[in-house]
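Understanding the architecture of this molecule
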Amino acid sequence: MIYYALKVLISAILIVAIAEISKRSSLFGALLASIPLISVLAIVWIYVDTKDVEKISNLANGIFWLVIPSLALFIALPLLLKQGLSFYLSLAVSIVITAICYWLMLVVLGHYHIKL
């Protein structure tokens, strides 16, 4: 139980640290947020827990393919905000757009018999 609490604590500290740094410097916050810290932590936790490199390889492969559609959020959100939409509406629409892009990516990958 202590191990799980430690994993949650480390993960939470990183997220809060990035949010706090972003308040002071958008550039530095964006730089830290763009590093796939959550992915790296997940990979480390899986390795520590299972030592299963095939699971890690599959996760890394899935992350690669799903990063591409996730970029839609970072394109749509600032465009919608600049159009004058409220923050929460812009965020919600951006999330819907991103979900559609995820679905499209899975359809395309399925067409090419790439299984995640």
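1. Let's talk about the overall build of the protein
Per the secondary structure count, the protein includes five helices and zero strands. Starting at the N terminus, the α and β elements of the protein follow one another as α-α-α-α-α. Taken over C-alpha atoms, the radius of gyration comes to 17 Å for the protein, far larger than the 13 Å a tight globule of 116 residues would show. Taking all 116 residues of the protein together, 18% fall into the buried category. Counting only contacts in the protein whose residues sit at least 6 apart along the sequence, the fraction spanning at least 24 positions is 49%. Summed over all atoms, the accessible surface of the protein reaches about 8600 Å², with 77% contributed by carbon and sulfur. Across the protein, the mean location of the 7 positive side-chain charges is 9 Å away from that of the 4 negative side-chain charges.

2. Concerning the pattern of salt bridges
Pairing between side chains of opposite charge can happen when their charged atoms approach one another. In total, this model carries three salt bridges according to the counting rule given. Of the charged contacts, one joins Asp 49 and Lys 7 as a salt bridge, the two residues approaching to 3.0 Å between their closest N and O atoms. Highlighted residues: Asp 49 in helix α3 (residues 37–50) and Lys 7 in helix α1 (residues 2–24), separated in sequence by 42 residues. As a salt-bridge pair, Glu 20 and Lys 23 come within 3.0 Å of each other at their nearest N and O atoms. Within this pair, Glu 20 and its partner Lys 23 are both found in helix α1, separated by three residues, close to a single helical turn. Its relative accessible area of 32% is what places Glu 20 among the partly exposed residues. Judged by its relative accessible area of 63%, Lys 23 falls in the exposed class.

Conventions we followed
Residues numbered from 1 in each chain as written. Predicted model: local features only at pLDDT ≥ 70, side-chain atom pairs only at ≥ 80, totals over all residues. Heavy atoms only, no water. Helix = DSSP H or I, 4+ residues; strand = E, 2+ residues; numbered from the N terminus. Rg over C-alpha atoms; globule rule 2.2 N^0.38 Å. Buried < 20%, exposed > 50% of the residue type's maximum accessible area, 1.4 Å probe, protein only. Contact = heavy atoms within 4.5 Å. Areas by Shrake-Rupley, 256 points an atom, 1.4 Å probe, with all protein chains shown as cover. Lys, Arg positive; Asp, Glu negative; His and termini not counted. Charge placed at Lys NZ, Arg CZ, Asp CG, Glu CD. Salt bridge = Lys/Arg side-chain N within 4 Å of Asp/Glu carboxyl O.

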